[in-house]
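Working through the structure, step by step
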Amino acid sequence: MGILNVTPDSFSDGGQVKGVKGAVKHACTMVQQGADIIDVGGQSTRPGATRLTTDEEVQRVVPVIRSDRLFEGHCRADHQQILG
């Protein structure tokens, strides 16, 4: 299982994943490393983080989940084929 944080202020990775393209690339890396499931999170759990509304969290998470690039390329080793 891979954890994909799509929050700009992530507690665990410091918001390293930028945008849908970056999120898909990171998800593909996790799949290539053996992840069977990707947990996409849009709410920061760092101390003092502001709670998002449901709409705000959906705006962060759904574009990554719906990304055609993630599924069409089946996360091939060459990210350029996916992210082109």
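Below or above, wherever it landed, is the structure these notes cover. Note that the structure is a prediction, hence the values are computed from the model and not measured.

Counting through the fold element by element, T45 comes out in the loop between β2 (38-41) and α2 (54-65). For T45, a relative accessible area of 66% corresponds to the exposed category. In this structure, the C-alpha to C-alpha distance between T45 and T7, residues 38 residues apart in sequence, is 9.6 Å.

Its 14 residues give helix α1 (residues 19-32) an end-to-end C-alpha distance of 20 Å, which sits within 8% of 20 Å, the value for a rise of 1.5 Å per residue. Among the residues of α1, those classed as buried are A23, V24, A27, C28 and M30. Buried residues in α1, looked at end-on, bunch into an arc of 160°, giving them a common side. G34 occupies a position one or two residues after α1 and carries a positive phi of about 115°.

Attention now goes to a nonpolar patch on the surface. Taken together, the side chains of M1, I3 and I37 present a nonpolar region at the surface, about 340 Å² in accessible area. Within the secondary structure, M1 is located in the segment before β1 (2-5).

A general trend in soluble globular proteins is that nonpolar side chains are found buried together. Residues L4, V6, V17, A23, A27, M30, A35, V40, V61 and V64 constitute the largest nonpolar core, which totals 10 residues. Those elements that provide at least two residues to this core are α1 and α2. Among the elements that take part in this core, α1 stands out by supplying three residues, more than any other. Each residue touching V40, except ones within four places of it in the same chain, is listed here: L4, V6, V61, V64 and I65.

Parameters and conventions
- Residues numbered from 1 in each chain as written.
- Predicted model: local features only at pLDDT ≥ 70, side-chain atom pairs only at ≥ 80, totals over all residues.
- Heavy atoms only, no water.
- Helix = DSSP H or I, 4+ residues; strand = E, 2+ residues; numbered from the N terminus.
- Buried < 20%, exposed > 50% of the residue type's maximum accessible area, 1.4 Å probe, protein only.
- Expected span 1.5 Å × (residues − 1).
- Arc of directions from axis to C-beta.
- Patch = residues over 30% accessible without salt bridge, like charges linked within 9 Å, V, L, I, M, F, W, Y side chains within 5 Å.
- Areas by Shrake-Rupley, 256 points an atom, 1.4 Å probe, with all protein chains shown as cover.
- Salt bridge = Lys/Arg side-chain N within 4 Å of Asp/Glu carboxyl O.
- Core = buried A, V, L, I, M, F, W, Y, C linked by side-chain atoms within 4.5 Å.
- Contact = heavy atoms within 4.5 Å.

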